[in-house]
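Given next are the chains, with one letter for each unit.
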Amino acid sequence: MKLIVAIIKPFKLDEVREALTAVGVEGMTVAEVKGFGRQKGQTEIYRGAEYTTNMVPKIRIETVVTDAMASRVIETIQQTAHTGSIGDGKIFVTEVTSAVRIRTGETDDTAL
């Protein structure tokens, strides 16, 4: 199993969620986060005044999928979240050694 964590632009959330559902992802966790990458923040205009913020709002999506689904899920996120501009985000993939569904006690792939 793989844990896939994607950091994307907030306005892409609905599009990515729909695309992941279409390829068979049955669950995910979504959180609003802030951070920065190579751009080290951004300049914004608020009520006519320009200011710089060093933390950019992003969305963090986490999902655990079978090894067989992982490459398709990664490709789907990459294609759907892509805008071509700086700050499109990142995808991280980690090996998951075990999963347990609390309600039923199912383990590993059946727990997903």
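Everything below is about the structure printed above this text.
Owing to the predicted nature of the structure, the values given are computational and were not obtained by experimental measurement.

## Looking at the overall build of the protein chain
Reasoning step 1: Counting secondary structure elements, the protein chain contains 2 helices and 6 strands.
Reasoning step 2: Written out in order from the N terminus, the α and β elements of the protein chain read β-α-β-β-β-β-α-β.
Reasoning step 3: For the protein chain, the proportion of its 112 residues judged to be buried stands at 29%.
Reasoning step 4: Within the protein chain, counting contacts between residues at least 6 apart in sequence, those at least 24 apart form 71% of the total.
Reasoning step 5: Summed over its atoms, the accessible surface of the protein chain is roughly 7600 Å², and 51% of this surface lies on carbon and sulfur atoms.

## Some remarks on the nonpolar core
Reasoning step 1: One finds Ile8, Val16, Val73 and Ile77 to be the most contacted residues of the largest nonpolar core, which totals 14 residues.
Reasoning step 2: Mapped by element, the contributors of at least two residues to this core are strand 1 (2-8), helix 1 (13-22), strand 5 (56-65) and helix 2 (67-81).
Reasoning step 3: With 4 residues, helix 2 is the single largest residue contributor to this core.
Reasoning step 4: Beyond its immediate sequence surroundings of up to four residues, Ile8 is in contact with Leu13, Val16, Lys58, Ile59, Ile61, Ala81 and Asp88.

## What about the sheet that holds strand 1?
Reasoning step 1: Across the sheet, which stays open at both edges, the 4 strands sit in the order 2-5-1-6 with antiparallel pairing between neighbours. Of all strands in the sheet, those with a lone pairing partner are strand 2 (29-35) and strand 6 (89-95), marking the two edges. Shown here is a sheet whose adjacent strand axes are inclined to one another by a mean of 20 degrees, direction ignored.
Reasoning step 2: In the packing of helix 2 onto the sheet, the strands contacted are strand 1, strand 5 and strand 6, and the crossing angle to strand 1 comes to about 5 degrees.

## Details of helix 2
Reasoning step 1: Here helix 2 spans 22 Å end to end across 15 residues, near enough to the 21 Å set by a 1.5 Å rise per residue.
Reasoning step 2: On its buried face, helix 2 is in contact with strand 1, helix 1, strand 5 and strand 6.

## What to know about the side chain of Lys58
Reasoning step 1: Here Lys58 lies in strand 5.
Reasoning step 2: At a separation of 2.4 Å, a polar atom in the side chain of Lys58 contacts the main-chain carbonyl oxygen of Gly87.

## Examining the pattern of salt bridges
Reasoning step 1: Summed over the entire model, instances satisfying the criterion amount to 7 salt bridges.
Reasoning step 2: Salt-bridge contacts for Lys12 lead to Glu15; the nearest nitrogen and oxygen are separated by 3.2 Å.
Reasoning step 3: For Glu15, a relative accessible area of 41% corresponds to the partly exposed category.
Reasoning step 4: In the salt-bridge network here, residues are joined through shared partners; they are Lys2, Asp67 and Glu95.

## Considering the environment of Gly35
Reasoning step 1: As for its placement among the helices and strands, Gly35 is situated in strand 2.
Reasoning step 2: Separated by 28 residues in the primary sequence, Gly35 and Ile7 place their C-alpha atoms 9.6 Å from one another.

## Details of helix 1
Reasoning step 1: Along helix 1, the residues that are buried comprise Val16, Ala19 and Leu20. The buried residues of helix 1 occupy an angular sector of 100 degrees when projected down its axis, which confines them to one face.
Reasoning step 2: Residues of helix 1 that are buried make contact with strand 1, strand 5 and helix 2.

Rules and cut-offs
Sequence order as written defines the numbering, with residues in each chain counted from 1. Totals for whole chains, interfaces and linings use all residues, but because this is a predicted model, local features are given only for residues with pLDDT of at least 70 and pairs of side-chain atoms are given and counted only at 80 or more. The basis for every side-chain value is the complete set of non-hydrogen atoms in the structure, without hydrogens or water. For the purposes of this entry, the term helix denotes a DSSP run of H or I that reaches at least four residues, the term strand denotes a run of E that reaches at least two, and both are numbered from the N terminus. Note on exposure labels: buried denotes an accessible area under 20% of the residue type's maximum, exposed denotes more than 50%, and partly exposed covers the range between, all computed with a 1.4 Å probe on protein chains only. Any pair of residues with heavy atoms lying within 4.5 Å of one another is described as a contacting pair. Here the open area of atoms and residues is found with the Shrake-Rupley method and a 1.4 Å probe, where only the protein chains shown may cover a residue. To define a nonpolar core, start from buried Ala, Val, Leu, Ile, Met, Phe, Trp, Tyr and Cys residues and group those joined through side-chain atoms within 4.5 Å. Only strands joined by at least two bridges in the DSSP assignment are considered to pair. Between N-to-C directions, angles span 0 to 180 degrees; the directions come from axes that are lines fitted to C-alpha atoms, helices contributing only their stretch in contact. Helix span is expected to be 1.5 Å times the residue number reduced by one. Polar contact is the term for a pair of N or O atoms within 3.5 Å; when the atoms are in protein, one must be able to donate a hydrogen and the other to accept it, and sequence-neighboring residues count only if both atoms are side-chain atoms. Each salt bridge in this description consists of a side-chain nitrogen of Lys or Arg and a carboxyl oxygen of Asp or Glu lying within 4 Å of one another. Directions drawn from the helix axis to the C-beta atoms are what define this arc.

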